[in-house]
Amino acid sequence: MTDKQIPLDFDALISIIQQVNGYLTAQVGKAINIGLTLRNWTIGFYIREYEQNGSDRAEYGTALLEVLSSHLCKLGLKGMSARSLRLYRQFYLTYPQIWQALSAKSSSDLLAGSIWQSLSAESGFNRMPVLRKLETSELVLPSQQLFDRLSFSHFSELLSLDDEYKRAFYEIECIRGNWSVRELKRQIGSLLYERSGLSKNKKKLIGMAQTGVEKGELSLAIRDPYIFEFLGIHSREVMGESELENALLDKLQDFLLELGHGFCFEARQKRILIGDTHCFVDLVFYHRILKCHILVELKVASFSHEHLGQLNTYISWYSANEMTDGDNRPI
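Engineer: Just give me the short version of the packing of helix 10 (residues 181-189) against helix 15 (residues 252-259), but keep the residues and values in it.
Structural biologist: Helix 15 packs onto helix 10 with a crossing angle of 55° between their chain directions and a minimal axis gap of 11 Å. With respect to helix 15, the element helix 10 is oriented oblique. Regarding helix 10 and helix 15, the two cross each other, and that crossing is right-handed. The residues of helix 15 that touch helix 10, namely those facing Glu183, Arg186 and Gln187, are Asp254, Leu257 and Glu258. For the contact of helix 10 with helix 15, a count of residues per class yields 1 nonpolar, 1 polar and 4 charged.

This is the structure we're talking about:
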């Protein structure tokens, strides 16, 4: 701070308050999400510890979670149904690396530090099984990245996936694309993993999980087929190409999310001059990872060689007229 006064009028006051409110409200929301994740993971840890080492665990047997839920609900605790407790236990077993994020935050976060000290006390806690599990897993993403970028609602959706490769794929894509919980659920439902080239390349998926590096390769950016169920279109047999184009652009955000990571919308009905003829490319994108233009021609009829010739003509024109230094050949 300096002694110099900063000019402040009424409009500036409104703008400053708006910025402060937006920033600090977001911080509060993030803190709540982190606290909820910590709470649920820690509850899952203690349930598992009791199941393995509880002195009177035999009295409850398979009814443990139902009895525990009943007692907790009588105390007025929220989110403690038997189903929720089962989910918390699964969360701990599936994501033991959250412990590392908790440890890292303990030096700078008062709440996390107190939880860390509690768990580290001599209360029967043994962290060696967690570390051994981490060392043998190929698909463990950095714990701090998971902890900071995903809410517990994200984790709840991911826990429904039994295949560790599939789960790691959605973790990576969710973080890269900054997906909402709703979008994560939609992408799982639309079988994104099965439609992605990564589902056939386990080594590449492991490499992405270990390094977090974006790979500028065609198989990571383009998939086949695409699914546009968000358009809500039912009578596809009577649809024209312009109607399809309008429907896609009306849902541009969902369209870009379906296309994948790195697509940037550039133009629709892009006019180009080939010889003496004006042609129109339906949709033009630029892919910031592949460093190239992607041309989309919409057709509602069956594919023909004429369509292929049309696309190749467009690609040749773009290669000659639109490519700049550092660009790759259009797709």
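From this point, the narrative continues.
Engineer: Explain the environment of Gly260 to me, using residue names and the numbers behind them.
Structural biologist: Tracing the backbone through its elements, the reader meets Gly260 in the loop between helix 15 and strand 1 (263-274). Look at Gly260 and you get buried, because its relative accessible area is 18%. With 83 residues separating them in the primary sequence, Gly260 and Gly177 have C-alpha atoms 8.1 Å apart.

Engineer: Describe the packing of aromatic side chains, listing the residues and the values that go with them.
Structural biologist: We describe a pair of aromatic rings using the distance from one ring centre to the other and the angle between the two ring planes. Applying the stated criterion across every chain yields a total of 14 aromatic pairs. Taking the centre distance of 5.7 Å and the plane angle of 65° together, the rings of Phe265 and Phe285 count as edge-to-face. Of this pair, Phe265 sits in strand 1 while Phe285 sits in strand 2 (residues 277-287), and the two are 20 residues apart along the sequence. Look at Phe285 and you get buried, because its relative accessible area is 0%. The structure contains a cluster of three or more aromatic residues connected by ring pairs, namely Tyr88, Phe91, Tyr95, Phe152 and Phe155.

Engineer: Give a description of helix 3 (residues 82-94) that names residues and reports values.
Structural biologist: Note: α-helices contain 3.6 residues per turn, so residues at a spacing of three or four share the same orientation. For helix 3, built from 13 residues, the straight-helix expectation of 18 Å at 1.5 Å per residue is met to within 8% by its first-to-last C-alpha distance of 18 Å. For helix 3, the full list of buried residues reads Ala82, Ser84, Leu85, Leu87, Tyr88, Arg89, Phe91 and Tyr92.

Engineer: Lay out the sheet that holds strand 1 with the relevant residues and their values.
Structural biologist: Strand-to-strand pairing in sheets goes through backbone hydrogen bonds, with the strands running parallel or antiparallel. A sheet is described by the order of its strands in space; here 3 strands give the open sequence 1-2-3, paired in antiparallel fashion. Single-partner strands in this sheet number two, and they are strand 1 and strand 3 (292-296). Put simply, the sheet's adjacent strands are angled 35° from each other on average, direction ignored. The sheet contact formed by strand 2 and strand 3 spans 5 bridges and is antiparallel.

Engineer: Give a description of the nonpolar core that names residues and reports values.
Structural biologist: Phe91, Tyr95, Phe155, Leu158 and Tyr170 are the most contacted members of the largest nonpolar core, which totals 33 residues. Ranked by size, the runner-up nonpolar core spans 12 residues in total, among them Leu249, Leu290, Ile294 and Leu298.

Engineer: Before we move on, could you go through the pairing of strand 2 and cite the residues and values that matter?
Structural biologist: Consecutive residues of a regular strand have side chains that alternate between opposite faces of the sheet. Among the 11 residues of strand 2, 8 are classified as buried, and the element is accordingly described as predominantly covered. Relative to strand 2, strand 1 runs antiparallel, the two being bridged by 10 bridges. Counterpart to Ile272 in the pairing with strand 2 is Cys279. Taking the residues that link successive antiparallel strands as the turn, the strand 1-strand 2 hairpin has 2 residues, and the phi of Gly275 there is positive, at about 65°. Connecting strand 2 to the next strand, strand 3, in antiparallel fashion are 4 residues, including Lys291 with a positive phi near 60°.

Engineer: Would you mind going over a nonpolar patch on the surface in detail, with residue names and values included?
Structural biologist: Taken together, the side chains of Leu8, Phe10, Leu13, Ile14, Ile16, Ile17, Val20, Tyr23 and Leu24 define a hydrophobic patch exposed on the protein surface, amounting to about 900 Å² of accessible area. Residue position: Leu24 is located in helix 1 (residues 10-53).

Engineer: Can you tell me about the pattern of salt bridges, naming the residues and giving the values?
Structural biologist: One pass over the full model with this rule turns up 6 salt bridges. The salt bridge involving Arg186 is made with Glu183; its shortest N-O contact spans 3.2 Å. Of this pair, Arg186 and Glu183 both sit in helix 10, separated by 3 residues, roughly a single helical turn. Salt bridges here are not isolated pairs; linked through shared partners, they connect Arg48, Glu51 and Arg89.

Engineer: Give me the lowdown on helix 9 (residues 164-177), citing residues and values where you can.
Structural biologist: Over its 14 residues, helix 9 runs 20 Å from end to end, which matches the ideal 20 Å to within 8%, given 1.5 Å per residue. In terms of burial, helix 9 is largely enclosed, as 10 of its 14 residues are buried. Among the residues making up helix 9, those that are buried are Arg167, Ala168, Phe169, Tyr170, Glu171, Ile172, Glu173, Cys174, Ile175 and Arg176. The opening residue of helix 9 is Asp163, an N-cap whose side-chain oxygen sits 2.7 Å from the backbone nitrogen of Tyr165.

Engineer: Could you give me a rundown of unusual backbone geometry, with the residues and numbers involved?
Structural biologist: Negative phi is the rule for most residues except glycine; trans is the rule for most peptide bonds. In this structure, Lys291 takes a positive phi of about 60° despite not being glycine. Here Lys291 shows up in the loop between strand 2 and strand 3.

Engineer: Which residues make up the packing of helix 2 (residues 64-74) against helix 3, and what are the values?
Structural biologist: Packed helix pairs are characterised by how far apart their axes lie and by the angle those axes make with each other. Taken N-terminus to C-terminus, the directions of helix 2 and helix 3 make an angle of 115°; their axes are 8 Å apart at the nearest point. Classified by the interaxial angle, the pair formed by helix 2 and helix 3 is roughly perpendicular. Here the hand of the crossing between helix 2 and helix 3 comes out right-handed. Here Leu65, Glu66, Leu68, Ser69 and Leu72 of helix 2 come into contact with helix 3, specifically with Ala82, Leu85, Arg86 and Arg89. Split by residue class, the contact of helix 2 with helix 3 holds 5 nonpolar, 1 polar and 3 charged.

Calculation criteria
Every chain begins its residue count from 1, and numbering advances along the sequence as written. This being a predicted model, a pLDDT of at least 70 is required before a residue's local features are given, and a value of 80 or more before pairs of side-chain atoms are given or counted; all residues contribute to the totals for chains, interfaces and linings. Only hydrogens and water are removed before side-chain values are computed, so all heavy atoms of the structure are retained for them. Throughout, an axis means a line fitted to C-alpha atoms (over the contacting stretch in the case of helices), and angles, computed between N-to-C directions, take values from 0 to 180 degrees. Each helix is a run of DSSP H or I of at least 4 residues and each strand a run of E of at least 2, with the numbering of both proceeding from the N terminus. Any angle from 65 to 115 degrees is called roughly perpendicular, while one under 35 is roughly parallel, one over 145 is roughly antiparallel, and all others are oblique. Throughout, a crossing is termed right-handed when the near helix is turned clockwise from the far one, and left-handed when it is turned anticlockwise from it by less than a right angle. For this analysis, residues touch if any pair of their heavy atoms sits within 4.5 Å. In this classification, Asp, Glu, Lys and Arg are treated as charged, Ala, Val, Leu, Ile, Met, Phe, Trp, Tyr, Cys and Pro as nonpolar, and every other residue, Gly included, as polar. Here's how the labels work: a residue is buried when its accessible area is under 20% of the maximum for its type, exposed when over 50%, partly exposed in between, all with a 1.4 Å probe on protein chains only. Paired rings are identified among Phe, Tyr and Trp, the last through its six-membered ring, by centres lying within 6.5 Å, and are further divided according to the angle between planes into stacked (under 30 degrees), edge-to-face (over 60) and tilted (the rest). Multiply 1.5 Å by the residue count of a helix minus one, and that product is the helix's expected span. When DSSP finds two or more bridges between two strands, those strands count as paired. Buried Ala, Val, Leu, Ile, Met, Phe, Trp, Tyr and Cys residues form a nonpolar core when they are joined through side-chain atoms within 4.5 Å. Patch construction takes residues with relative accessible area above 30% that form no salt bridge. Like charges are linked within 9 Å, and nonpolar side chains (Val, Leu, Ile, Met, Phe, Trp, Tyr) are linked within 5 Å. Each accessible area is a Shrake-Rupley estimate made with a 1.4 Å probe; only the visible protein chains count as cover when residues are assessed. Here, a salt bridge means any side-chain nitrogen of Lys or Arg that lies within 4 Å of a carboxyl oxygen of Asp or Glu. Counting of polar contacts relies on pairs of N or O atoms within 3.5 Å, with two restrictions inside protein: one atom must be capable of donating a hydrogen and the other of accepting it, and residues adjacent in sequence are counted only when both atoms are side-chain atoms.

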